[in-house]
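Descriptive analysis of the structure
One-letter residues, chain by chain:
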Amino acid sequence: MPCPTAMRTKKTKAVGIPTIDLSQSRATTSKSIVEACQDFGFFKLINHGVSDDAIARLETQAFDFFQKTTPEKHRAGPANPFGYGCKSIGPNGDLGDLEYLLLRSDPTSIFESSASISNDSFTFSYVVNEYVKSVRKLGCEILDLVGEGLWLPNKYVFSNLIRDVHNDSVLRINYYPGVKHTENWEFSPKSHPSNNRIGFGEHSDPQILTILRSNDVDGLQISLQDGIWAPVCPDPFAFYVLIGDAFKAMTNGRFVSVRHRAMANNSKNPRMSIMYFGAPPLNAWIAPLSEMMLPNEQSLYKPFTWAQYKKAAYSLRLADSRLDLFKTS
């Protein structure tokens, strides 16, 4: 459920967000996931099977990095696109109130980049690789359940794209520093920072799906289909799953590619979000599956490779709609 204390204006409202329990029967779970993908493009996942230890160790490694001095952190950057970034998001002028690490998800790349990130590169690479392995497995399970829920002849048609050894999946860690409170902050409302500042601007994720975990500081909001923003209550024991543009295209628009944003951190505690973006190989073709098409139904999107879509994504501003470039009309 969204945070009861979250900001509510005429453009923001609380809403019930689907919660999927992976301990339930496969028939129940697969049906619920498909419904959530169609209605929201977003759901909360509990009893997910990723160990608390794997999550805690990665969070510790990430906090250790972001507590380093600025010159030490810049050794891991600039993000082009991988590495350490601060404020600047992408090559087209987008800015945010955050720092971040963007890493390839394959073990070799993680090991090679770890030396510039951690003083103990072996431990860092081991922890990151174990986390990636766990969430990739979880992502495959989610996609297989989608295949079952859609009654596809090959339920692995989606998960095989991120199982592929050449998959282009990435790991991103966003860090939103805490607000520095003065002794008399609570007695000086004017000193409270605006809760309308944007930490990471509105966008949809281009990949197949995103598996997101954050600590207990709020800030995430999703856009409902009527354009209203819904704040999402943080739950450090759960994951949130977001449907991406590639999945929307493969289902011919049946699934929602959820637009979302992060508000700037107004807490004294830092906020951290860890996202696994499940993506296909660069040469994989993305097009609506024939099984998703009704008789005489027209495809909404032209076929494109994941490499073509990535190139288009990097050519646009964060808030621009990338899939519009590939519409058939």
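Residues numbered from 1 in each chain as written. Predicted model: local features only at pLDDT ≥ 70, side-chain atom pairs only at ≥ 80, totals over all residues. Heavy atoms only, no water.

What about the side chain of glutamine 207?
Looking at where glutamine 207 falls in the secondary structure, it is placed in the loop between strand E6 (198-203) and strand E7 (209-214). Other than its neighbours up to four places away in sequence, glutamine 207 contacts Val170, Gly244, Asp245, Ala246, Phe247, Phe277, Gly278, Ala279 and Trp306. (Helix = DSSP H or I, 4+ residues; strand = E, 2+ residues; numbered from the N terminus. Contact = heavy atoms within 4.5 Å.)

Overview of the pattern of salt bridges
Overall, the coordinates contain 17 salt bridges when judged by the stated rule. The salt bridge partner of lysine 155 is glutamate 148, with a shortest N-O separation of 2.8 Å. By relative accessible area, lysine 155 is classed as partly exposed at 25%. Three or more residues are tied together by salt bridges with common partners; here these are Arg26, Glu141, Glu148 and Lys155. (Salt bridge = Lys/Arg side-chain N within 4 Å of Asp/Glu carboxyl O. Buried < 20%, exposed > 50% of the residue type's maximum accessible area, 1.4 Å probe, protein only.)

A word on the nonpolar core
Counting 67 residues, the largest nonpolar core has Phe43, Leu45, Phe66, Phe158, Ile208, Phe239 and Phe247 as its most contacted members. Ranked by residue count, the leading element in this core is helix H5 (residues 121-149), at 12 residues. Listed in part, the 23 residues of the second largest apolar core include Leu98, Leu212, Ala230 and Leu242. (Core = buried A, V, L, I, M, F, W, Y, C linked by side-chain atoms within 4.5 Å.)

Describing the sheet that holds strand E8 (residues 220-223)
Across the sheet, which stays open at both edges, the four strands sit in the order E6-E11-E8-E9 with antiparallel pairing between neighbours. Across the chains shown, the open sheet's two edge strands, defined by having one partner strand only, are E6 and strand E9 (229-231). Adjacent strand axes in the sheet meet at a mean angle of 25 degrees when their direction is disregarded. Pairing of E6 with strand E11 (residues 260-263), which is carried by three bridges, proceeds in the antiparallel orientation. Residue pairing in the sheet places isoleucine 198 in a bridge with methionine 263 of E11. (Pairing = 2+ DSSP bridges. Axes fitted to C-alpha atoms, helices over the stretch in contact; angles between N-to-C directions.)

Concerning the layout of surface pockets
Empty space within the largest pocket amounts to approximately 870 Å³. As for the largest pocket, its lining consists of 43 residues, and the residues nearest its centre are Ile89, Leu102, Arg172, Phe200 and Tyr314. Broken down by secondary-structure element, the contributors of at least two residues to the lining of the largest pocket are strand E3 (83-89), strand E4 (94-104), strand E5 (170-176), E6, E11, strand E12 (271-278) and helix H8 (306-314). By residue number, the principal contributor to the lining of the largest pocket is E3, which donates five residues. Among the residues forming the lining of the largest pocket, the class breakdown is 24 nonpolar, 10 polar and nine charged. (1 Å grid on protein atoms, 1.4 Å probe; cavity = no way out; pocket = protein on both sides within 12 Å on 5 of 7 lines; lining within 4 Å. Points joined across faces, edges and corners; volume = space filled by probe spheres on them. Nonpolar A, V, L, I, M, F, W, Y, C, P; charged D, E, K, R; others polar.)

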